Amino acid sequence: MADLHIGVDRATVAEREAVDAVVAASLGPAVIVESDRLVRGGTARRDERRHLLLPALHALQNRVGWISPGGLNHVAEVLQVPPAEAYGVATFYEMFRVDDPGHDQDVVHVCVDGPCQIAGSAERLAELRAGGVATHASPCLGQCERPVAEFIQGRARPDRVEADREPFALPQAGQAGLRLLRRIGRAPRVDPGSIESYVAAGGYKALAAAFGRGPDGVIEEVVASGLMGRGGAAFPTGVKWRAVATEPGPRYVVVNADESEPGTFKDRTLMENDPFAVIEATTIAGFATGASKGWIYVRGEYPFATERLANAIAQATEAGFLGRGIARSGFDFELEIRRGAGAYICGEETALFNSIEGYRGEPRQKPPFPTTNGLFGRPTAINNPETLVNVLDIVIDGGAAYADIGTEGSTGSKLFCLSGHVARPGLYEVDFGATLGEVLDLAGGVVGDLQAILLGGAAGSFVGPDSLAMPLTFEGARAAGASLGSGVVMAFDSSVDLLPVVTRLAEFFRNESCGQCVPCRVGTVRQHEVLLGITADRAVGAPVRLDDRTVLLDEIDRAMKDASICGLGHTAATAVRSAIDLGLIGRPPGPGDDGHPSGGAS
Amino acid sequence: MSDETPVRLSIDGNEVEVPAGASVLDACNAAGVETPTLCYAENLTPVNACRVCVVEQEGARTLVPSCSRQAEDGMVIETDSDRVRHSRKMVLEFLGSGVDLSQAPDLERWGARYGARPDRYGSGAERIEEDIRIQDDLYIRDYDKCVLCYKCVEACGDDAQHTFAIAVAGRGFGARISTEFDTTLPDSACVYCGNCVAVCPTNALQFKTEFDLRQADRWKPEEQTVTRTVCSYCGVGCNLELHVQDETIVKVTSPHDHEVTSGHLCIKGRFGWQYVHGN
C-alpha cells in the first residue's frame, strides 16, 4: 500500500478472517484491489470505511484475545486508517487489550462499583482468580439489581452475561398504571423476541399514529408533552427534534444506549425486554426529524440487549416496519447497531459520535451542538431508550394528555434504578411527583438503618435520611441541590463504611476521564489522591484531617466544573463533595459504630 | 477578507470590533488583553484541550475556551474574574504537578502570575516518569515534559504533514502521544519533517542538537542569532530561520506567518543543513 506506512507485522489467518468478515458484511470485499485503490484511495476511502474500525477491533479482540500488531496492521490496511490512529482507538477502550493475554480463556469482568462493591466484589474476584479464571475488575456493568455483577468476554465465542439466562422478573410486573414498563414481565407475556407478540399487544400503533400526524404534528405533540431527556441533562426532547428537523439533510437519529452511569440499568431492561418499543420509537424519531438512517450505540457489556435489538431490527425489517417505504408511507428508515467497547465517556453524546465514526471517544467542544453538527458532522437527534419509549404514548394520546401526568415541571413517568440496601432491588416506574421515601417503599424499604442514598449515579450526589420527603422531580432534586441523573437510587445502610465507596467513586472518574482536557485529566487524579491520603491516615490510626483537604477538593471541583470540556469533568467531584458535606467519610470504621457520622468534618 | 459585518463585543468592559468568524481570543488580542495559551497555535486548528485560555462569558454556565469560541455580537467577556483566575491557576498547577515545565518559561511565568503552587500536592502526587526516547540523530522525545496539548499530533496529521505517524493513545492520565505499539520512530510512518518539534510548547520534543547542548550545559539561547534565508533545496521557496550559536547552526525553524510554510518545513529544510559547515 502506498498511501499508508504499514509496519512489518502481518496478521494471522484467523485475524484476517475475523476482520474481513466484519468489513465484507458492510462494504463487500474487504481487500481493496490496487486499481480501485489508486482511483478511489486516500481520504475518500478513509471516510467511507473508518466507521468500521470499532467493529473490526471487536472482531480481533474476540477471535484472538487481543489486538496484536499484525492484526492492527491488517485493520489499518483494509480500512485505510493510519496504524497510529487505530492504536490510539484500540487503547481507548476497556474491552480491548494490546498485549498478549498469554491464555485462550474467556475473561470474566467483575463489577467493583457501588452495590457490587458492598456486596463483596473483591471477594468474588479473589475467588475466581484462585480458581484459575481470567478476570478483569470492571466499572459498573449495569446489573446493579443483582450484585455481584459479572460479564463474560468470550474468546472465539460470543460475549455473554450468565444472569441473562434466568427468567426476567420485574418487581412491578402486572401492576396497573405502568406506562413504560407495561409490556414487561406481565402475564400473558409479551414476547420480546416476537414482533407478532408485540403487535398483538398494541405495538406499532404509535408509528401509524405518527404517520397520521405527519412529522410536524409529531414534533408539536412531543413539544406539548414537556418530555425531557432521561439521561441526566433533562433537555426538552421536542425542542431538540424541531431543531434537527429544520436543518438541511442528511440528518441522523442516534440512540444513546451506552448506559454506563454507575447504578443505572433502566435502558438495559427496556432493550432486553421491550426491544420493539425502542425500535418503534426510534423510527418515529426518524420520521419526525426527517432522518433516513438511525444508529443504536449499545454499550459493549450488554450482549443480550444487543442480541434482542438485532433480532427486533431483523423482524421489523422483514415485516416492513423498517427499510424502504415503511408501512406504505413512503418513509424510508434503516437502523444499524454499534457496540461500544467499554468507555463511560462514550455516553457523552459527542464522544459517542466520535466513537461510531472510528475515532477516540473524546468529547467535542460545544457549540456547535449535535442538532447542527452531530454524527458525521450532520444534524443529529440523539436520545436514550427511556426517553424514546415515552414518545409512543405521546404520539397516540397526544402531548396534552401526557403533560397531565406527573408535575408541571416534570411530566410523565420516570424509571428509577434501586440498588444497594433495599428489600427488592430492581427497576421501578412512578409518575413524577413521588418522593424519595415513596420510591424506596416501593422497593420494600431500606434494609437496616439508612445512612445515605447516592442519587443520580456517580455523577450525582449523596443525600441523607432527612431527604426522604424530597420529590423525585427535576425541580425537586434541583431545589435540594441534587440531580436525578439517570434515575439512580443507591441505598447504603449504617453498616457500610463509606470511605472506600467514595474513594472508589473518585477512582472511577480517574479511570474514565478520557484525558483530553487538563482540568479533568489531572483533577480526577488529584481528587482520588486526596481520598487515598484520608484512607492512609485512617489506616494507621492518625487523626483524619479534613479541613485543608476540603479546601483543596473544593478548588479542584471548581476548576473541573468551570473549565472541563464535558459533563464528566463537570460532575466528577459532586458525589465526593456531597459525602464530605454530609460527614459520611472521615469517621472511624468498624464495631462500635453508632451510625452517626463523627470525626474530622465536625 | 470576509465582507460580512464585523462583530462587536465587550472584553473586560471595553468594546472591541473584530471580523466575523474571529475567535474570542482574537477579540482579547484586539482589546490588548494578554491571554495565556498552550494548545493553541496560529498555524493549527484549535483543539481547546488545555483550557488555560478560558474566559467568562456572561450567561454561560461554564467558562469558555477563548481560542475556539467564535466571537459573537453582543458577547460580554471577562478575562480576569475570580472564576477565570482560579481555573487558569488550577490548570497551570495541575500541569506543573504532573510534568516538568522547566523548559516552558511562558508557562512558568503565567503560573507565577496566577499563583499556581504545583508542589502543594505533595511528593505522592503521580507524575509522568518515562525514559527519554532517543531513537535517531534528529530529535528526542522527553515525555516527562509532555502536557498532551495535541499540537504534535495536529502537525503530523491533517493540519500540516498528513503523515499520521503519531496519535494519542491510552486514556486519562495514562494517555500518551504514541506511534502504533510505541514502535520506534525509524520504524514508524515518521518522515522527519520536524513539524511536531517546531510546535511543541514544552520541549518534550527537542532537536537532538539542542538536547546534546543542554546535556553539556552549553545551550545558550541568549547568545544565539537568528538569520532568515530561503531554503536552497527545491523551488518552493520555504523561508528558514537559522538559529546559530558559536558559528554553528543549532536549530532551524520557519516563520509562522510565512505564506509558503506557515511555520512548517520538510526534512531537508529542517535537518539538511550540515553542508553549510562543510561536513
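All figures in this text were calculated on a predicted structure; none of them were measured in a lab. (Residues numbered from 1 in each chain as written. Chains lettered and ligands numbered in written order. Predicted model: local features only at pLDDT ≥ 70, side-chain atom pairs only at ≥ 80, totals over all residues. Heavy atoms only, no water.)

Draft legend 1. Spotlight on the overall build of chain A. When you go through chain A residue by residue, the secondary structure sums to 24 helices and twelve strands. Taken over C-alpha atoms, the radius of gyration comes to 24 Å for chain A, in line with the 25 Å a tight globule of 602 residues would show. Overall, chain A is about 75 × 60 × 45 Å in size when its C-alpha atoms are taken along their principal axes. By residue count, 62% of the 602 residues in chain A fall in the buried class. Of the contacts formed within chain A by residues at least 6 apart in sequence, a portion of 73% connects residues at least 24 apart. (Helix = DSSP H or I, 4+ residues; strand = E, 2+ residues; numbered from the N terminus. Rg over C-alpha atoms; globule rule 2.2 N^0.38 Å. Buried < 20%, exposed > 50% of the residue type's maximum accessible area, 1.4 Å probe, protein only. Contact = heavy atoms within 4.5 Å.)

Draft legend 2. Representation of the interface of chain A and chain B in the model. Taken together, the 51 residues of chain A in the interface contact 48 residues of chain B. Carbon and sulfur atoms supply 56% of the area that chain A and chain B bury against each other, a total of about 3,900 Å² over both sides. By the criterion of area lost to chain B, the three top residues of chain A are Arg521, Arg526 and Asp562 of chain A, representing 17% of everything that side buries. Arg120 of chain B is the partner of Glu555 of chain A in a salt bridge, and the nearest nitrogen-oxygen pair spans 2.7 Å. For the interface between chain A and chain B, the tally reads 27 residue pairs in polar contact (both at pLDDT 80 or more). (Buried area = accessible area lost by both parts, 1.4 Å probe. Salt bridge = Lys/Arg side-chain N within 4 Å of Asp/Glu carboxyl O. Polar contact = N/O pair within 3.5 Å; in protein donor to acceptor, adjacent residues only side chain to side chain.)

Draft legend 3. The arrangement of the confidence of the model for chain A in detail. Per-residue confidence for chain A averages 93 on the pLDDT scale, and 94% of its residues sit at or above 70. In the model, residues 589-602 of chain A has pLDDT below 50 throughout and makes 20 contacts with residues more than four positions away in sequence or in other chains. (pLDDT = per-residue confidence, 0-100.)

Draft legend 4. Structural context of the side chain of Thr253 of chain B. All names here are of chain B. Along the chain, Thr253 falls in strand β13 (residues 248-253). Separated by 2.6 Å, the side chains of Thr253 and Glu241 make a polar contact. A polar atom in the side chain of Thr253 sits 2.8 Å from the side chain of His243. Excluding its chain neighbours within four sequence positions, the residues that come into contact with Thr253 are Asn239, Leu240, Glu241, His243, Leu265 and Arg270.

Draft legend 5. Spatial organisation of the packing of aromatic side chains. Residue and element names in this part refer to chain A. This model, assessed by the stated rule, comprises 22 aromatic pairs over all chains. Ring centres of Trp295 and Phe376 lie 5.8 Å apart, and the angle between their planes is 55°; this geometry places the pair in the tilted category. Pair noted here: Trp295 is in strand β5 (residues 293-298) and Phe376 is in the loop between α15 (349-357) and β7 (380-383), with a separation of 81 residues, a long-range link. For Trp295, a relative accessible area of 3% translates into the label buried. Under the relative-accessibility criterion, Phe376 is labelled partly exposed at 32%. Aromatic side chains Tyr344 and Phe508 sit 4.8 Å apart centroid to centroid with 70° between the ring planes, which places their arrangement in the edge-to-face category. Placement of Tyr344 in the loop between β6 (334-339) and α15 and of Phe508 in helix α20 (residues 498-512) is noted, with a sequence separation of 164 residues between them. Judged by relative accessible area, which is 2%, Phe508 ranks as buried. (Phe/Tyr/Trp six-rings, centres within 6.5 Å; stacked < 30°, edge-to-face > 60°.)

Draft legend 6. Summary view of the pairing of β7 of chain A. Residue and element names in this part refer to chain A. Taking every second residue as pointing to the same face, both faces of β7 are buried, with Thr380 and Ile382 on one and Ala381 and Asn383 on the other. Of the strand pairs in this sheet, strand β4 (residues 252-257) and β7 are connected by four bridges, and their pairing is parallel. Counted as the bridge partner of Val253 is Ala381 from β7. (Pairing = 2+ DSSP bridges.)

Draft legend 7. Looking closely at the sheet that holds strand β12 (residues 488-493) of chain A. Residues and elements named next belong to chain A. An order of β9-β8-β12-β10-β11 is seen for the five strands of this open sheet, with the pairing classed as mixed. In this open sheet, the two strands that pair with only one neighbour each are β9 (426-431) and β11 (461-463). Taking the axes of each pair of neighbouring strands and ignoring which way they run, one obtains an average angle of 30° across the sheet. Pairing between strand β8 (residues 413-420) and β12: four bridges, direction parallel. (Axes fitted to C-alpha atoms, helices over the stretch in contact; angles between N-to-C directions.)

Draft legend 8. Representation of the pattern of salt bridges. Residue and element names in this part refer to chain A. On inspection of all chains with the given rule, the structure shows 61 salt bridges over all chains. Note that Glu507 and Arg504 form a salt bridge whose closest N and O atoms lie 2.9 Å from each other. Of the two residues, Glu507 and Arg504 both sit in helix α20, three residues apart, roughly one turn of that helix. Residue classification places Glu507 among the partly exposed residues on the basis of a relative accessible area of 30%. Residues joined in a network through salt bridges with shared partners are Asp106, Arg157, Arg160, Glu162 and Arg165.

Draft legend 9. Region of interest: a nonpolar patch on the surface. A contiguous nonpolar patch, built from Tyr233, Tyr275 and Val276 of chain B and spanning about 320 Å² of accessible area, is present on the exposed surface. On the accessibility criterion, Tyr275 of chain B (48% relative accessible area) is partly exposed. (Patch = residues over 30% accessible without salt bridge, like charges linked within 9 Å, V, L, I, M, F, W, Y side chains within 5 Å. Areas by Shrake-Rupley, 256 points an atom, 1.4 Å probe, with all protein chains shown as cover.)

Draft legend 10. Up close: the domain arrangement of chain B. All names here are of chain B. Domain parsing of chain B yields domain 1 (1-126) and domain 2 (139-277). For domain 1 and domain 2, the distance between their C-alpha centres works out to 25 Å. In this complex, domain 1 contributes 19 residues to the contact, which on the side of domain 2 involves 21 residues. For the pair domain 1 and domain 2, the summed buried area comes to about 1,600 Å², and 59% of that belongs to carbon and sulfur atoms. Sorting the residues of domain 1 by area buried against domain 2 places Asn43, Leu44 and Gln103 first, and these three jointly supply 39% of that buried surface. Taken together, the connections running from domain 1 to domain 2 amount to one salt bridge. The residue Asp100 makes a salt bridge to Lys145 at a minimum N-O spacing of 3.3 Å. Along the contact surface separating domain 1 from domain 2 lie nine residue pairs in polar contact (both at pLDDT 80 or more). (Domains from an automatic or database assignment.)

Draft legend 11. Inspection of the state of the cysteines at higher detail. Using the criterion set out here, one finds zero disulfides over all chains in the structure. Cys266 of chain B takes part in no disulfide bond, and the closest cysteine sulfur, belonging to Cys231 of chain B, lies 6.4 Å away. (Disulfide = S-S within 2.5 Å.)

Draft legend 12. Inspection of unusual backbone geometry at higher detail. Cis geometry is adopted by the peptide bond preceding Val148 of chain A, which originates at Pro147 of chain A and carries an omega value of 0°. In this model, Phe164 of chain B sits at a positive phi of 60°, which is unusual for a non-glycine residue. The residue Phe164 of chain B is located in the loop between α4 (151-156) and β8 (167-169) in this model. For Phe164 of chain B, a relative accessible area of 9% translates into the label buried.

Draft legend 13. Up close: the packing of helix α2 (residues 82-98) of chain B against helix α3 (residues 105-114) of chain B. Residues and elements named next belong to chain B. It is the contact of α2 with α3, at a shortest axis distance of 9 Å, that shows an interaxial angle of 135°. Compared by their axis directions, α2 and α3 come out oblique. Between α2 and α3 lies a crossing whose hand is left-handed. Residues Arg85, Arg88, Lys89 and Leu92 of α2 lie in contact with α3, whose contacting residues are Leu107, Trp110, Gly111 and Tyr114. (Parallel < 35°, antiparallel > 145°, perpendicular 65-115°, else oblique. Left-handed = near helix turned anticlockwise from the far one by under 90°.)

Draft legend 14. Main features of a negative patch on the surface. Residues and elements named next belong to chain B. A cluster of like negative charges, contributed by Glu222, Glu223, Asp246 and Glu247, occupies part of the molecular surface. For Glu247, the position within the fold is in the loop between β12 (239-245) and β13. For Glu247, a relative accessible area of 75% gives the class exposed. (Lys, Arg positive; Asp, Glu negative; His and termini not counted. Charge placed at Lys NZ, Arg CZ, Asp CG, Glu CD.)

Draft legend 15. Just the confidence of the model for chain B, in detail. Across chain B, the average pLDDT comes to 95, with 99% of residues at or above 70. Complex prediction metrics read pTM 0.95 and ipTM 0.96.

Draft legend 16. Summary view of helix α22 (residues 547-563) of chain A. For α22 of chain A, with 17 residues, the first-to-last C-alpha span of 24 Å sits near the 24 Å given by 1.5 Å per residue. Where α22 of chain A is concerned, the buried positions are Arg549, Leu552, Leu553, Glu555, Ile556, Asp557, Ala559, Met560, Asp562 and Ala563 of chain A. Summarising the contacts, the buried residues of α22 of chain A are in contact with α21 (518-539), α23 (567-571) and α24 (574-581) of chain A together with β3 (54-57) and α2 of chain B. (Expected span 1.5 Å × (residues − 1).)

Draft legend 17. Molecular detail of the packing of helix α11 (residues 237-245) of chain A against helix α13 (residues 275-289) of chain A. All names here are of chain A. In contact at an axis separation of 8 Å, α11 and α13 are set at 50° when each is read in the N-to-C sense. Our classification of the angle between α11 and α13 gives oblique. Packed against α11, whose contacting residues are Trp241, Val244 and Ala245, the element α13 presents Ala285, Ala288 and Thr289 at the interface. Broken down by class, the residue content of the contact of α11 with α13 amounts to five nonpolar, one polar and no charged. (Nonpolar A, V, L, I, M, F, W, Y, C, P; charged D, E, K, R; others polar.)

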